[in-house]
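Examining the three-dimensional arrangement
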Amino acid sequence: MQPEKPAQKQTIVVSATSIDNSGGGTILRQFLKWAAKDKHDFLCFVPMGMKLEAGDNIRLVPIDKKSWLARILWDSWQLKLWLENNQITYHKFISLQDTTVNIDVDQIIYLHQPLPFAGVRWNPFARGEFKFFLYQKFFAYFIFRYLRASTQFVVQTRWMSEALSEKHAIDPARISVIQPEITLPDTANADVSMDASDEFFRLLYPATPIVYKNHRVLVEALHILSSRKNISAVRLELTLKAQDYPELALLVKKLGLEDNINYLGVLPYEELIIKYKAADLVVFPSYIETFGLPLAEAASLGKRIICSDTEFAREVLNNYAGAEYLGAKNALAWANAIEAVLKSGSRPTRGETDFQYQQTSGWNDFFKLLE
């Protein structure tokens, strides 16, 4: 009697071709870490040139598909053709980048693009807003273009789940709310001497150079403060370079705040955590986010936070005593709040309502969807 052959692993196809190195990159890296421990094999299409680590059960295929047209062609027929030409047998598909694709198996869509669901109206004729107008009006079409009765969606927050269900009539039973992973690196042995100096009062805003991240209100708030007092010791640290956001850099120069802005550029995660720890205040004026990962990171480190008064911020920072919520566009309110922190110190009030980040869901729940 011949011994039974071990069952062949089932292959799952994953598309993440247009992921970038910000929030999307974090999601991709977390997925790959957990996928390496899963029982399935994974064929992952990832961005060209992105440095990634993968387990033995994961095959990475770099693809250059970041432009809108390239992305549409890839989702519509090129992905399916690639799989056919390479004779890939697969039983499930995961999109880590919001959109359904033209493929004949069950799909799981990780939806983390909030623009089609946010209540912000964009003016197509205003400078810098046309792209977001297109996202809001047309991106939803591509999210649902190849929707099937079996398609499942994964979102990071309740507000996204409700928006998906109410605005697009998706059955709540097909939506899973699964939080991103918050695992802070150990920086105990890192050299923090330059960041721990008492020479400056440091405000940290970790965000990409996008208009709805709302850097402008911080610059305007500092300008208001400069009309009241000497702010030469105040530094606003931004995780971008001046050339990445020329409109902002021009405003900074126009208002005479060049010495108050520290352009850090994109930082490795360990270095960013050091910046969090050294900050006297974490500011987060963004008014469109799926989750707002920096809010959870800052609160996990016990930092004082000032943020825009939004659904996502209140959901992520539920019961955190160190948070203050302000109107996103009210520069005067931001100036007043920053000035109050300058006067009172940077630590939040410690008490029973202090935020302790406790995940109610995670990647283990995501991988249960594959069973």
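Every chain begins its residue count from 1, and numbering advances along the sequence as written. For a predicted model such as this one, the threshold for reporting local features is a pLDDT of at least 70, and the threshold for listing and counting side-chain atom pairs is 80 or more; totals across whole chains, interfaces and linings nevertheless cover every residue. The basis for every side-chain value is the complete set of heavy atoms in the structure, and neither hydrogens nor water enter the calculation.

Quick look at the sheet that holds strand β12 (residues 305–308) now. Read across the sheet, six strands follow the order β10-β9-β8-β11-β12-β13 without closing on themselves; strand pairing throughout is parallel. The sheet terminates laterally at β10 (261–263) and β13 (323–326), the two strands that pair on one side only. Neighbour to neighbour, the strand axes of the sheet diverge by 25° on average, direction disregarded. With five bridges connecting them, strand β8 (residues 201–205) and strand β9 (residues 234–238) associate as parallel partners. Along β9, the bridge assignment pairs Arg 202 with Arg 235. Helix-sheet contacts for helix α10 (residues 331–344) involve β8, β9, β11 (281–284), β12 and β13, and the interaxial angle to β12 is about 170°. Two strands are counted as paired when DSSP detects at least two bridges linking them. Numbering of helices and strands runs from the N terminus; a helix is a DSSP stretch of H or I covering at least four residues, while a strand is a stretch of E covering at least two. Axis definition: a line fitted to C-alpha atoms, limited for helices to the stretch in contact. Angles are taken between N-to-C directions and run from 0 to 180 degrees. In this description, contact between two residues means that some pair of their heavy atoms is separated by no more than 4.5 Å.

Even without glycine at this site, Gln 87 takes up a positive phi of about 50°. With respect to the helices, strands and loops of the structure, Gln 87 is situated in the loop between α2 (68–85) and β4 (92–95). Of note in the backbone geometry, Asp 98 takes a positive phi value of approximately 85° without being a glycine. Looking at the secondary structure, you find Asp 98 in the loop between β4 and β5 (106–110). Relative accessible area serves as the criterion here: at 7%, Asp 98 is assigned to the buried category. Only protein chains enter the calculation, and the probe is 1.4 Å; a residue is then buried if its accessible area is under 20% of its type maximum, exposed if over 50%, and partly exposed in between.

Quick look at the pattern of salt bridges now. For salt bridges, the criterion is a side-chain nitrogen of Lys or Arg within 4 Å of an Asp or Glu carboxyl oxygen. Overall, the coordinates contain ten salt bridges when judged by the stated rule. With a shortest N-O distance of 2.6 Å, Arg 228 and Glu 339 are connected by a salt bridge. You can see Arg 228 sitting in the loop between α5 (215–226) and β9 and its partner Glu 339 sitting in helix α10, a full 111 residues away along the chain. Residue Arg 228 is classed as partly exposed on the basis of its relative accessible area, which comes to 38%.

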